[in-house]
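Coordinates in review
So you can see what is in the structure, the chains are spelled out below.
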Amino acid sequence: MQTAQDKSPWLWVPSLYFGQAIPYVVVMTLSVLMYKDRGVGNDDIAFYTSWLYLPWVVKPLWSPLVDMVRTKRWWIVTLQLAIGAALAAVGFTMHLPAYFQISLAVLWVMAFFSATHDIAADGFYMLGLKQYQQAAFVGVRSTFYRLATIVGGGAMAMMAGHLTTSTGDVGFAWSVVFFVLAALFVALFAYHSVVLGRPAEDKTVLGGENKLAEFFATFATFFGKRDIWLILGFILTFRLGESQLLKLAIPFMKDPVIKGGLGMTTEQVGLAYSTIGIIALTLGGLLGGFLISRLGLKRCLWLMVFAVHLPDVVFVYLATALPQNFVLIASSIALEQFGYGFGFTAMMLYMIMISDGEHKTAHYAICTGLMALGMMVPGMFSGKIQEYLGYQHFFIYVCVMTIPAFIMAALVKIDPEFGKKTDK
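Since the model is a prediction, treat every value here as computed from it, not as a measurement.

A few points about the packing of helix α6 (residues 99-128) against helix α17 (residues 360-389)
Put simply, α6 and α17 touch, their axes get as near as 9 Å, and they point 130° apart. Relative to α17, α6 is oriented oblique. Seen from above, α6 lies across α17 with right-handed handedness. On α17, the residues touching Ile119, Asp122, Gly123 and Met126 of α6 are Lys360, Thr361, Tyr364, Ala365 and Thr368. Its residues assigned to classes, the contact of α6 with α17 shows 4 nonpolar, 3 polar and 2 charged.

Have a look at this one:
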């Protein structure tokens, strides 16, 4: 029987992380565009869609169960089928009288499935690849994760915009989008049922009476790590600015110029994310993973922190100049996408480094849950802040909110050799 390492990582790493990203994109990006199309206000959009982040925040509470019950492989394929069913259910809510409340509830259930799927997928990644492969493929996984962001927030948005224009029915347009996404997950379920290997370490943790003790030991060993306060500070602040920018980027592009926005159509928003942006993102993610595998995480950290945060200035420019040239807008977004794709590989590998050890799957889930908390809470109030400041001053405020990440980057401790490919 082939193990994950017997099979080329190219067979499953791209598709696994493409699939991991789609539900996240749906609840955090596509839902924003959908509710904006249906006339929901910025404050309500930011507040309620931020609550959809809660399953990712609290997933560490059940992450040890993924270690103790069944295999990571079983969780992955089972939850992909469940996510497909949830996506189809969202599609059926579009014409219901209380569609807003019901669709939010279904999206929350899907987010729960997705958060659990993330635990299993990240665990499978660490079990199925050697350490140097993890570093080398971190750029690949981030690229395909972000590629799914472009497909979910771009190509699907273009489809919704085109169908809305041709049919005049916004609800029908978004129903079709969710049915297409549901079919995609059924296909991923079928593909991964065949292609995923079976790493020797991917097994159910036995021990009946010891499971509860194992559960609490998982958290005790994580929060007992050396320099835990630096670890928490870095993870919680790394995306402080981005957490607020992401909630208002699409409303900014959609709102008319008279309200300080760019006045773009749904199709234009999708096109900006799915053409020039996808090329820049791919180059950025692959370059980030390649550079870390050659130089190590420590030597790349500062460059990558700057790459993630400095492109936020692009939105200050867009909100000030309010350009109407589509190529200029798309190029500006591409710059931000390249910086994100390149720089975020540092955070992904940092969390892998922190998680290494006996409870690596659960510890990685704790890391991502903390990062989600750092995204959810600021995002909840970003809509109200934007409505008070206006878009231009809001994006300046976002740039100021990146300062804590630079401070923490100066304090964290990283093994100079971690992530560097060796001859072993």
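Overview of helix α13 (residues 276-295)
Side chains three or four residues apart in an α-helix point the same way, a direct result of the helix having 3.6 residues per turn. With 20 residues, α13 should reach 28 Å at 1.5 Å per residue; the first-to-last C-alpha distance of 28 Å fits that figure. Those residues of α13 that fall on the buried side of the exposure criterion are Gly277, Ala280, Leu281, Gly284, Gly285, Gly288, Gly289, Leu291, Ile292 and Ser293. Immediately downstream of α13, the backbone of Gly296 shows phi near 90°, a positive value.

Points about a nonpolar patch on the surface
Taken together, the side chains of Ile279, Leu283, Leu287, Phe290 and Phe338 present a nonpolar region at the surface, about 460 Å² in accessible area. The element best represented in the nonpolar patch is α13, accounting for 4 residues. With respect to the helices and strands, the residue Phe338 is situated in helix α16 (residues 326-355). What makes Phe338 partly exposed here is its relative accessible area of 31%.

Quick word on the pattern of salt bridges
Within the structure shown, the criterion is met by 7 salt bridges. In this structure, the salt-bridge partner of Lys36 is Asp255, at a minimum N-O distance of 3.0 Å. Of this pair, Lys36 sits in helix α1 (residues 13-37) while Asp255 is found in the loop between α11 (240-254) and α12 (266-274), placing the two residues 219 residues apart along the sequence. Asp255 sits in the buried class, given a relative accessible area of 8%. One salt bridge in this structure joins Asp37 and Lys254, with 2.9 Å as the shortest N-O distance. Linking Asp37 in helix α1 with Lys254 in helix α11, this pair joins segments that are 217 residues apart in sequence. In this structure Lys254 comes out as buried when scored by relative accessible area, which is 19%.

Section: the packing of helix α10 (residues 228-237) against helix α19 (residues 403-411)
At their nearest, the axes of α10 and α19 sit 9 Å apart, and the two run at 150° to each other. By the criterion of interaxial angle, the relationship of α10 to α19 is roughly antiparallel. Crossing of α10 over α19 shows left-handed handedness. Side by side, α10 and α19 meet where Leu230, Gly233, Phe234 and Thr237 of the first sit next to Pro404, Ala405, Met408, Ala409 and Leu411 of the second. In the contact of α10 with α19, the residues fall into 7 nonpolar, 2 polar and no charged.

Rules used in this analysis
- Here the residue index of a chain counts from 1 through its sequence in written order.
- Local features in a predicted model are, by the rule used here, given only for residues with pLDDT of at least 70; side-chain atom pairs are given and counted only at 80 or more, and totals for whole chains, interfaces and linings are based on all residues.
- Derived side-chain values reflect all non-hydrogen atoms in the structure, with water molecules and hydrogen atoms excluded from consideration.
- What counts as an axis is a line fitted to C-alpha atoms, over the stretch in contact for a helix, and the angles between N-to-C directions run from 0 to 180 degrees.
- Working definition: helices are DSSP H or I runs of at least four residues, strands are E runs of at least two. Numbering for both runs from the N terminus.
- Roughly parallel means an angle under 35 degrees; roughly antiparallel means over 145; roughly perpendicular covers 65 to 115; every other angle is labelled oblique.
- Handedness of each helix crossing follows the sense of rotation of the near helix against the far helix: counterclockwise by less than a right angle gives left-handed, clockwise gives right-handed.
- Contact criterion: two residues are considered in contact whenever any of their non-hydrogen atoms come within 4.5 Å of each other.
- Three residue categories are used. Nonpolar comprises Ala, Val, Leu, Ile, Met, Phe, Trp, Tyr, Cys and Pro, charged comprises Asp, Glu, Lys and Arg, and polar comprises the others, including Gly.
- One less than the number of residues in a helix, times 1.5 Å, gives the span that helix is expected to have.
- Throughout this description, buried means an accessible area under 20% of the type-specific maximum (1.4 Å probe, protein chains only), exposed means over 50%, and partly exposed covers the range between.
- The residues that make up patches have over 30% relative accessible area and no salt bridge, and they are joined within 9 Å when like-charged or within 5 Å when they are Val, Leu, Ile, Met, Phe, Trp or Tyr.
- Residue-level accessible areas treat just the shown protein chains as cover; the underlying method is Shrake-Rupley with a 1.4 Å probe.
- The term salt bridge refers to a side-chain nitrogen of Lys or Arg lying within 4 Å of a carboxyl oxygen of Asp or Glu.

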